[in-house]
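One letter stands for each residue in the lines below.
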Amino acid sequence: MAIPQRQEPENRYESNLCAGHLLVWTWRKFVIGHADCPVLVREYARFAGGRADDLLMAFGTFLQALGGGSRRTLAVGHPHCSGLTPDETQILRLIAAAQDGDAALLAAHLRWMVKADHHAAAAAAVGALAAQLSDCGVTLPEAHYAPPPAYALLEVVRSA
């Protein structure tokens, strides 16, 4: 009897979630000093093709501008954790605002995260990154804010 082989799904970056995850994973790898990770390099080659080096350079430049002008130390998760920290989510929203061309939202994110004297450098870096991502066919979803409900929601589930 033949044992059925489990088929692994092919990694494709057509989904916005996957592209955002790759950016967060890259940030985490950069922080721990593994920017030369062969898996990371391979995924960017699959993701961006011949533009992989330019995209990685734009992302690194953005992270340097952000880190150099940050109002506080940003929380970055461990490379092997699946959840996002609030700061990682904020970064994805910042990039999405730059891609959308929403100047007011971009300025608000920058004011929250970056000291005033570093706004210009951070804005230029996130703009270059957003352009690189768009050139690769990736558009991060815009962030929508939904206020929490006025009362707690509790779903009662009973086992059969």
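The structure under discussion appears in the preceding block.
The following paragraphs examine the structure supplied in this document. Not measured: the values here are computed from a predicted model.

1. Focus: the packing of helix α5 (residues 103-113) against helix α6 (residues 119-135)
At step 1: Close contact between α5 and α6 brings their axes to 10 Å; oriented N to C, the two are set at 125 degrees. Between α5 and α6, the angle is such that the two are oblique. Judged by the sense of rotation from one axis to the other, the crossing of α5 with α6 is right-handed. When α5 is examined against α6, the residues L106, L110 and R111 are found in contact with a partner set consisting of H119, A122, A123 and V126.

2. Here we look at the pattern of salt bridges
At step 1: In this structure the tally under the stated criterion is four salt bridges.
At step 2: Where E43 meets R42, a salt bridge forms, and the shortest distance between an N and an O atom there is 3.0 Å.
At step 3: The closest approach of N and O atoms between E43 and R46, which form a salt bridge, is 3.3 Å. Residue E43 and its partner R46 are located together in helix α2 (residues 38-48), separated by three residues, close to a single helical turn.
At step 4: For E43, a relative accessible area of 3% translates into the label buried.
At step 5: On the basis of relative accessibility, which here comes to 42%, the residue R46 falls in the partly exposed class.
At step 6: It is possible to trace a salt-bridge network through shared partners that takes in R42, E43 and R46.

3. A few points about helix α3 (residues 52-69)
At step 1: With 18 residues, α3 ought to run about 26 Å at 1.5 Å a step, and its terminal C-alpha atoms sit 26 Å apart, in line with that.
At step 2: Residues of α3 that are buried include every one of A52, L55, L56, A58, F59, G60, F62, L63, A65, L66 and G69, and no others.

Scoring rules and cut-offs
Residue numbering note: each chain is counted from 1, following its sequence as written. Residues qualify for local features only when their pLDDT is at least 70, as the model is predicted, and side-chain atom pairs are given and counted only at 80 or more; totals for whole chains, interfaces and linings, by contrast, use all residues. Each side-chain value is worked out from all heavy atoms of the structure, with water and hydrogens disregarded. Angular values range over 0 to 180 degrees, each being the angle between N-to-C directions of two axes fitted as lines to C-alpha atoms, with helices fitted over their stretch in contact. Helical segments are the DSSP runs of H or I of at least four residues, strand segments are the runs of E of at least two, and each set is numbered from the N terminus. Each angle gets one of four labels, with under 35 degrees taken as roughly parallel, over 145 as roughly antiparallel, 65 to 115 as roughly perpendicular, and the rest as oblique. Left-handed describes a crossing in which the near helix is turned anticlockwise from the far one by less than a right angle; the clockwise case is right-handed. Any pair of residues with heavy atoms lying within 4.5 Å of one another is described as a contacting pair. Take a side-chain nitrogen of Lys or Arg and a carboxyl oxygen of Asp or Glu: if they are within 4 Å of each other, that pair is a salt bridge. For the exposure calls, accessible area comes from a 1.4 Å probe over protein chains only, and a residue counts as buried if that area is under 20% of its type's maximum, exposed if over 50%, partly exposed in between. A helix is expected to reach a length of 1.5 Å times the quantity of its residues less one.

Read these as geometric descriptors, not functional statements.
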